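One-letter residues, chain by chain:
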Amino acid sequence: MTSLVIAEHDNQSLKAATLNAVTAALACGGDVHVLVAGHQASGAATAAAQVAGVAKVIHVDAAHLEHQLGENLAEQVLALAGNYSHILAPATAIGKNVLPRVAAKLDVAQVSDITKVISADTFERPIYAGNAVATVQATDATKVITVRTTGFDAVASTGGSAAVETVVAVADSGKASFVGKEVSHSDRPELTAAKIIVSGGRGLGSGEQFHAVMEPLADKLGAALGASRAAVDAGYAPNDWQVGQTGKVVAPNLYVACGISGAIQHLAGMEDSKVIVAINK
């Protein structure tokens, strides 16, 4: 029994979510291999080889894999799938784009957003926006799984000494092409990786008040900035700050919620925070 984890990376280093997915894969039992598919991504492959618990890194290098487009990355995973009992990826935008394609092509049922591994074929996952937890048993020969990163502690990024195997890339599917991206830059920590997050809601009253109150607080605490869906919909904050069921799922050590109603949409995105401070309007 061997698991394959699809690494999320920037072609130079691994994203933190990969380490959480490796923890879930180790809990499934057997060896864990990591797929690093990208372009000129030897740095990421080397980093993956140093992750504790990883037995082998499969490095695939091709220009059409540089941006980890779902159409091409799924075909690469399918080319390797026959060797694995479990295929896992973080439940991020990339993982959610790739693994449903893999599951469909393999004709198996995907198990999404797991938060606990009970055994090699049995998992827990939240349902009804986190109001209930379902125990799911997967009977397919190949288990295709996305991992909610907040449900698993990250494995150590050093201490491993896995071998790196280079594999020839599959051909470009030609179904999608990368046009460009707009990246917002901030001196504050990244929302999904921050240890402290301060979030504002509609109770702040206006976009001007949101920024006047929340930004100094975030700067004082060295925190990332978040927002409820209501605040985002009202134009108080940009979309990439949204925490919730349809936004980002976070689990910081400290979460400060200011003027947020506590709707289940928001709770689903931050209920795993270690300490939650709620400040009403």
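Here the structure is shown first, and the text comes after it.
We now turn to the structure provided with this report. (Residues numbered from 1 in each chain as written. Predicted model: local features only at pLDDT ≥ 70, side-chain atom pairs only at ≥ 80, totals over all residues. Heavy atoms only, no water.)

What follows covers the packing of helix α3 (residues 70-80) against helix α4 (residues 93-106). A pair of packed helices can be characterised by two numbers: the angle between their axes and the separation between those axes. The geometry of α3 relative to α4 is characterised by a closest axis approach of 9 Å and an angle of 50 degrees between their N-to-C directions. With respect to their mutual orientation, α3 and α4 come out oblique. Read as a crossing pair, α3 and α4 show a hand that is right-handed. Residues G70, E71, L73, A74, E75, V77 and L78 of α3 pack against I94, N97, V98, R101, V102, K105 and L106 of α4. Classifying every residue of the contact of α3 with α4 gives 8 nonpolar, 2 polar and 4 charged. (Axes fitted to C-alpha atoms, helices over the stretch in contact; angles between N-to-C directions. Helix = DSSP H or I, 4+ residues; strand = E, 2+ residues; numbered from the N terminus. Parallel < 35°, antiparallel > 145°, perpendicular 65-115°, else oblique. Left-handed = near helix turned anticlockwise from the far one by under 90°. Contact = heavy atoms within 4.5 Å. Nonpolar A, V, L, I, M, F, W, Y, C, P; charged D, E, K, R; others polar.)

Taken in spatial order, the 7 strands of this open sheet run β5-β9-β4-β1-β2-β3-β10, and their pairing is parallel. The sheet is open, and its two edges are formed by β5 (110-114) and β10 (163-167), each paired on a single side. On average, each strand axis in the sheet is tilted by 25 degrees relative to the strand beside it, whichever way the strands run. Looking at chain direction, strand β1 (residues 2-6) and strand β2 (residues 31-38) are connected through 5 bridges and run parallel. Note on β2: the bridge partner recorded for T2 is D31. Across the sheet, helix α1 (residues 16-28) touches β1, β2, β4 (86-90), β5 and β9 (143-147), and the angle it forms with β4 is around 155 degrees. In the packing of α3 onto the sheet, the strands contacted are β1, β2, β3 (56-61), β4 and β10, and the crossing angle to β2 comes to about 145 degrees. (Pairing = 2+ DSSP bridges.)

Let's shift gears to the pairing of β4. Counting buried positions along β4 gives 5 out of 5 residues, so the element sits mostly inside the fold. Residues of β4 alternate between two faces, with H86, L88 and P90 on one and I87 and A89 on the opposite face, all of them buried. As defined by bridge partners, β1 adjoins β4 across 3 bridges and the pair is classed as parallel. Considered in β4, the bridge of S3 is made with H86. Sheet analysis places β4 next to β9, joined by 5 bridges and oriented parallel. (Buried < 20%, exposed > 50% of the residue type's maximum accessible area, 1.4 Å probe, protein only.)

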